[in-house]
Every structure is written in structure tokens, then in C-alpha cells.
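Spelled out, the chains give:
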Amino acid sequence: MIVIADGKTTEAAQRSDDHETDDHENLWLKLDELPAATGWQMKPEGACLGELCVPLPESKRAEWTVDTEDGAWLNYSEFADMIGQKQAHDGDVWSLSSVPEVRRSGLESAIAPDFEVAERNGDTLRLSDLRGRKVVLFTWSSW
Amino acid sequence: MISVAQDSGGAKAVDKWFDRASPTFRCVIDTTHQISSLFGWVNLPCAAWIDEQGRVVRSNEGVLPAEMGVNLGVVKLIAGDSSFSDATRDWIEHGAASEHVLSSAKLAEQTKPVTDETLLAEAEFKLALHFEAQGDKGRARRHFATASELAPDNWLYLRQGWTASRSRAYSDLKSYRRMSRLNKNTDKVFSDRTGLPGENYRRFTLPEWFWTPMLQRFKQRRRR
């Protein structure tokens, strides 16, 4: 299974008991693969992305998480629905939109959203490393 | 200065442009359009100014430089002007005191809102880019089209989608026609007007009556 999120594409395990649950409309992710695939991390206070933490509703915890012999899993689709993150999938390729709360808080504070991209010369460019300097950012393409 | 080539074609598609520019600035190739997604941009060329504290002071800026144009031999159609580079120099010199720095209210007004449709369109667009990279043009086309339907004012989804289309000329024609139609109905063609002149595609488009007979002829020829 392939997960596309936040400019990254990662391979993630598929629930081996999937055929029994017949649940192809939900993205189930193994908790230990969750950070690499989506950026979210499970902590005692809930699911956290950087400083943003969202508690899982107690009433849904049993439904959204499951333990199998492969490990613990989260029904990420249900979680994404709750936080308003949109998802599109085609076969076993899943694509996740930006997290709306992250986008909106960036708009309110006017702090530039941070990103990390590879430079043409092979270096890694992280926008927040340029604090203290004025930055002009511009996009173009060949088409 | 960060120059972002936002192009699913990657180095193969953009290297010659970078090489020709002999850049002295930072150069990035963003094949997944991550930067536009984060800033909520819907077309390119597009720009932002970010100050020393990491605050955005101008964004969603359609930038067409004075050098950009189409040389037709006898005449050269000039697309842009130097207004953006002049304004940028002014900001670099005067910082927050520059008249070109936008207030937070103006900045918010100029930023596209985040809606369910734009988020879903973003997910579909990223799916399309993935399939295009895998060489699965059929699925790429399908998801590019869905993204474009969900976010009709996003020219990135439409224009990047051309790279997977069957006939480049035919989709160009359809897209420019749509642009003409949008021009007729709204002032907000590309990014919202920012006060700097020469920043959108308005001047490239032709009236609706021009396209209609041309498209009909083209469709008839395709049917034959």
C-alpha cells in the first residue's frame, strides 16, 4: 500500500486480516508506520503533529484502533474525517490533503509554512533555516 | 532568493531553463507541488515575500517579468513588466516601511480560503502526479480531471494536467477557452489583483466568439 502525504510517498503495510474485514474504503495504518506515512504520532494525549495534538474520542477508540498479531492499527480514514483532512484513493494508493488546521493556523498567524525540499545541488533547503534573512520565493515551470 | 521549478517533469524538464539562467540563487525542483499546496497558490509564476521573522508580507503574487514574451519575428509580444522586481528591490531596501508590504487584512483577503473542495482537489491532484510518475497516464488523466473539477479556479491542476493529456494542442485550446470564459465573468482571473500591474494572464486571452467556431472545427476534424 502507498500513502502520499505532505509531499512524501511512503509504502505502508496492509492489514493482513483485511480480507476478513473486507474494509477497502478505510485506510488502516500500523501505529509504528503512522509518523513516516502521515507525520502524526500517537502519544498519551492523542494523535500529535508537531505541537498540534488531537485526542481520539473515547467512544470511538475501540472502533478506530485494533490490535492484530502484526501490531496495533489505526483507522486513519475515520481520524482524517474527524480533523477535516481529505483523502482520495485509487486501488491501494492513498493520497491525503494538507491538514486543514495547519493551513488555517498558518493563515491566521501569517507565519510562512515551513517546508523541506532538495536543492538542485543536492543540499536540503528548509525555509525556517533562513530566519533572519529576507526571502523571495517564486515558482515557475517548463509548461 | 529561492527559485522553485514546480514541474512533475523534474530535472529532465527544467534543467535547461536553470542552466540558461546561470543562477546565483537557491534552486529547487518541486515535482509534487508541495510549496503551492502549503501557500494555497493556484497558478504560476507566483511569488511570496517572507521577512526576517518568517512572516509572509506578500503572497499569491502573479509575477510576469519584463523579459517574458513571445517573439514573433517582426513584433515581440511582451507579457510582463518590471513592476514586481522594482517592488521587491524597494522591500529589500525599506523592509516593513515599504509601501508594497501588505497589511494582514489585505493578505488574508488575497489568500484563497481552505475548503473541503480545495482539500479534496489537492488529494486528487497528488494522486494524479503519483500515477503520472508511474507512467500510468490513464489514471493520471482521470485524477487530474477530478482535481480540476473540484477546484475550477486552480490553473496548476489544469496546466500540470496537460502533461498527461492525449493531445496537448487540444487541451491547450480547451483551457484557453475556459480562461477566456472566466475572464468574462470575473475580475479574479489569476491571483487577486494586488496593486502591482502586469501580473495576470488577462492580456493573453481572446474573446469567446474567437474560440467557439475554432473549437467546433477542431472537434469535427477529430470525429472524422
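Before any of the text, the structure's been laid out above.
Residues numbered from 1 in each chain as written. Chains lettered and ligands numbered in written order. Predicted model: local features only at pLDDT ≥ 70, side-chain atom pairs only at ≥ 80, totals over all residues. Heavy atoms only, no water.

Caption draft 1: Inspection of the overall build of chain A at higher detail. Tallying secondary structure elements over chain A gives five helices and 13 strands in all. Sequence separation of 24 or more characterises 46% of the internal contacts of chain A that already satisfy a separation of 6 or more. On chain A, roughly 7400 Å² of surface is accessible, and the fraction owed to carbon and sulfur atoms is 46%. (Helix = DSSP H or I, 4+ residues; strand = E, 2+ residues; numbered from the N terminus. Contact = heavy atoms within 4.5 Å. Areas by Shrake-Rupley, 256 points an atom, 1.4 Å probe, with all protein chains shown as cover.)

Caption draft 2: Molecular detail of the overall build of chain B. Summing up its helical and strand segments, chain B has nine helices and six strands in all. When burial is assessed residue by residue, chain B has 50% of its 224 residues classed as buried. Considering only contacts in chain B between residues 6 or more positions apart, those separated by 24 or more positions represent 56%. Approximately 11300 Å² of chain B is accessible, and the part contributed by carbon and sulfur atoms is 54%. (Buried < 20%, exposed > 50% of the residue type's maximum accessible area, 1.4 Å probe, protein only.)

Caption draft 3: Structural view of the sheet that holds strand E1 (residues 2-5) of chain A. All names here are of chain A. Strands sit in the order E2-E1-E10-E9 across an open sheet of four strands; the sheet is mixed. Either end of the sheet is taken by a strand with one partner, and the two such strands are strand E2 (8-11) and strand E9 (87-90). Looking at each pair of strands side by side, their axes are set apart by 20° on average, direction ignored. Bridge count for E1 against strand E10 (residues 93-96) is three bridges, and the pairing is parallel. (Pairing = 2+ DSSP bridges. Axes fitted to C-alpha atoms, helices over the stretch in contact; angles between N-to-C directions.)

Caption draft 4: Structural detail: the sheet that holds strand E6 (residues 52-54) of chain A. Residues and elements named next belong to chain A. In space, the three strands of this open sheet follow the order E4-E5-E6, with antiparallel pairing throughout. Of all the strands in the sheet, just strand E4 (41-43) and E6 have a single pairing partner and so form its edges. For this sheet the average axis-to-axis angle between neighbouring strands, irrespective of direction, equals 35°.

Caption draft 5: Quick peek at the pattern of salt bridges. Residue and element names in this part refer to chain A. One pass over the full model with this rule turns up 15 salt bridges over all chains. A salt bridge links aspartate 114 to arginine 126; the nearest nitrogen and oxygen atoms lie 3.8 Å apart. Here aspartate 114 is found in the loop between helix H5 (100-109) and strand E11 (116-118), whereas its partner arginine 126 is found in strand E12 (residues 124-126), with 12 residues between them in sequence. Arginine 126 gets classed as partly exposed once you look at its relative accessible area, which sits at 34%. (Salt bridge = Lys/Arg side-chain N within 4 Å of Asp/Glu carboxyl O.)

Caption draft 6: Quick peek at the pairing of strand E13 (residues 135-140) of chain A. For E13 of chain A, the buried fraction is high: five of the six residues fall into the buried class. One ladder, built from five bridges, connects E13 of chain A with strand E3 (residues 46-50) of chain B; its direction is antiparallel. If you follow valine 136 of chain A over to E3 of chain B, its bridge partner there is tryptophan 49 of chain B. As defined by bridge partners, E13 of chain A adjoins strand E1 (residues 2-5) of chain B across four bridges and the pair is classed as parallel. When the bridges of E1 of chain B are listed, leucine 137 of chain A appears paired with isoleucine 2 of chain B.

Caption draft 7: The arrangement of helix H4 (residues 76-83) of chain A in detail. All names here are of chain A. Within H4 the residues assigned to the buried category are Tyr76, Ser77, Phe79, Ala80 and Ile83. Looking straight down H4, one finds its buried side chains confined to an arc of 160°; they lie on one side. A side-chain oxygen of the first residue of H4 lies 3.2 Å from the backbone nitrogen of serine 77; this N-cap is asparagine 75. The positive-phi residue at the C-terminal boundary of H4 is glycine 84, with phi of around 80°. (Arc of directions from axis to C-beta. Polar contact = N/O pair within 3.5 Å; in protein donor to acceptor, adjacent residues only side chain to side chain.)

Caption draft 8: Highlighting the state of the cysteines. Residues and elements named next belong to chain A. Counting across every chain of the model gives one disulfide over all chains. Each sulfur in the disulfide pair cysteine 48 and cysteine 53 lies 2.0 Å from the other. Residues cysteine 48 and cysteine 53 are joined through a disulfide that is right-handed, its torsion about the S-S bond being 110°. Residue classification places cysteine 48 among the buried positions, given a relative accessible area of 2%. In this structure cysteine 53 comes out as partly exposed when scored by relative accessible area, which is 32%. (Disulfide = S-S within 2.5 Å.)

Caption draft 9: Representation of the environment of serine 16 of chain A. Residues and elements named next belong to chain A. Among the structural elements, serine 16 can be located in the loop between E2 and helix H1 (18-21). Taking relative accessible area as the criterion, serine 16 reaches 43% and is therefore assigned partly exposed. For the pair serine 16 and threonine 68, spaced 52 residues apart in sequence, the C-alpha separation works out to 8.8 Å.

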